[in-house]
Amino acid sequence: MRKLLASLFLIITLGTTQGANAGPYQDALAAYGRGDYATALSLLRPLAAQGNATAQYNLGVMYERGQGVPQDYKEAVRLYGLAATQEHESAQYNLGVMYRDGQGVPQDYKEAVRLFGLAAAQRGADAQNNLGRMYATGRGVPQDYKEAVRLYRLAAAQGFALAQFNLGVMYDLGQGVVQDYVRAHMFFLLSASNGDSDASKNRDDVAKKLNSSQIQQAQEMAQRCQASSYKQCGETVIAAAV
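My aim in this report is to walk through the structure given alongside it, one point at a time.

Definitions and cut-offs
Residues numbered from 1 in each chain as written. Predicted model: local features only at pLDDT ≥ 70, side-chain atom pairs only at ≥ 80, totals over all residues. Heavy atoms only, no water. Helix = DSSP H or I, 4+ residues; strand = E, 2+ residues; numbered from the N terminus. Contact = heavy atoms within 4.5 Å. Areas by Shrake-Rupley, 256 points an atom, 1.4 Å probe, with all protein chains shown as cover. Phe/Tyr/Trp six-rings, centres within 6.5 Å; stacked < 30°, edge-to-face > 60°. Buried < 20%, exposed > 50% of the residue type's maximum accessible area, 1.4 Å probe, protein only. Lys NZ or Arg CZ within 6 Å of the ring centre and 35° of its normal. Disulfide = S-S within 2.5 Å. Salt bridge = Lys/Arg side-chain N within 4 Å of Asp/Glu carboxyl O. Polar contact = N/O pair within 3.5 Å; in protein donor to acceptor, adjacent residues only side chain to side chain. Axes fitted to C-alpha atoms, helices over the stretch in contact; angles between N-to-C directions. Left-handed = near helix turned anticlockwise from the far one by under 90°. Nonpolar A, V, L, I, M, F, W, Y, C, P; charged D, E, K, R; others polar. Core = buried A, V, L, I, M, F, W, Y, C linked by side-chain atoms within 4.5 Å.

1. With respect to the overall build of the protein chain
- Of the regular secondary structure elements, the protein chain holds twelve helices and zero strands.
- Reading the protein chain from its N terminus to its C terminus gives the helix and strand order α-α-α-α-α-α-α-α-α-α-α-α.
- Of the contacts formed within the protein chain by residues at least 6 apart in sequence, a portion of 54% connects residues at least 24 apart.
- Of the accessible surface of the protein chain, which amounts to about 11,000 Å², a share of 49% is contributed by carbon and sulfur atoms.

2. Quick look at the environment of Phe187
- Locating Phe187 in the fold gives a position in helix H10 (residues 181-193).
- Put simply, Phe187 and Ala222 are 35 residues apart on the chain and 7.3 Å apart in space, counted from C-alpha to C-alpha.

3. Re the packing of aromatic side chains
- Counted according to the given criterion, the structure contains five aromatic pairs.
- Seen in terms of ring centroids, Tyr57 and Tyr80 are 6.0 Å apart; in terms of plane orientation they differ by 35 degrees. Their pairing is tilted. A residue pair is termed long-range when its members are at least 10 positions apart, and Tyr57 in helix H3 (residues 53-65) and Tyr80 in helix H4 (residues 73-84) qualify at 23 residues. Here Tyr57 matches Tyr80 in class, with each residue buried.
- A cation over a ring is seen here: Arg139 above Tyr109, with NZ or CZ 5.6 Å from the ring centre.

4. Let's talk about the state of the cysteines
- If you walk through the whole model with that rule in mind, you get one disulfide.
- A disulfide bridge connects Cys225 with Cys233, and the sulfur atoms are separated by 2.0 Å. Handedness here is read from the sign of the S-S torsion; for Cys225 and Cys233, about 60 degrees, the answer is right-handed.
- Judged by relative accessible area, Cys225 falls into the buried class, the value being 0%.
- Classification of Cys233 as buried rests on a relative accessible area of 4%.

5. Description of the pattern of salt bridges
- Counting across every chain of the model gives nine salt bridges.
- With a closest N to O distance of 3.8 Å, Asp36 and Arg34 form a salt bridge.
- For Arg78, the salt bridge goes to Glu75, with nearest N and O atoms at 2.7 Å. With a gap of three residues between them, Arg78 and Glu75 both fall in helix H4, about one helical turn apart.

6. Details of the environment of Asn94
- Following the sequence through the fold, Asn94 ends up in helix H5 (residues 89-101).
- With 17 residues separating them in the primary sequence, Asn94 and Val77 have C-alpha atoms 8.6 Å apart.
- Within the local environment of Asn94, its side chain forms a polar contact with the side chain of Tyr80, the two groups lying 3.2 Å apart.

7. Structural notes on the packing of H4 against H5
- Running from N to C, H4 and H5 cross one another at 140 degrees; their axes reach a closest spacing of 8 Å. Viewed along their axes, H4 and H5 form a crossing whose handedness is left-handed. Contacts from Tyr73, Ala76, Val77, Tyr80, Gly81, Ala83 and Ala84 in H4 reach Ala91, Gln92, Asn94, Leu95 and Met98 in H5.
- Taken together, the residues of the contact of H4 with H5 break down into nine nonpolar, three polar and no charged.

8. Digging into the nonpolar core
- Counting 74 residues, the largest nonpolar core has Leu44, Tyr80, Leu95, Phe116, Leu131, Met186 and Leu190 as the members making the most contacts within it.
- When sequence neighbours within four positions are dropped, the list of residues in contact with Leu95 reads Val77, Tyr80, Gly81, Ala84 and Leu115.

Okay, here's the thing in structure tokens:
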């Protein structure tokens, strides 16, 4: 079984913007899409200097990835920070990852938790899942499996495959919940159907602990869960923002 809570992934999708800057921004987006990073940078920099949070975030992504510029984690952190102070959810999340991994800043789990919390409060599924990781592993916060489960549920209810996988692990191990192999199997089924490459193996491992009727029950629960857009998943899903 793979280690609980696999490595974090940065959000790299370019955001959107509206209003008077939409024209230059859309031109920047088109340039980025065709790999013309120099043009994208030349269009994004004036917008970022004007305080456009989406442009600041996107420049941060380009500096972090070294697209059209030398890779520069410190500059990425600076730009993410500017956007994060304007409540840009993806910037808050990415900045949290930088603090969590010590990229461009000294590693600081408490600051990562704070930033993940801000993004999670805006219903960012990545942030909810990764904040759950911090609680599950006790980094930056006291270890708290129940809080980890609550956060995973928030992300899982948005169809986030890794959070569904993590819930499967928690039910399999009985961490933060009563051990329940049927529900573990259900969440691994959901995670696999949403693209998690490791969930199928975990599903099969848990299946060895179940009889045929229990496996059928888990399959039916997964079908109901998907059909209800993750609102009826055989358990109470906490929907309140963190």
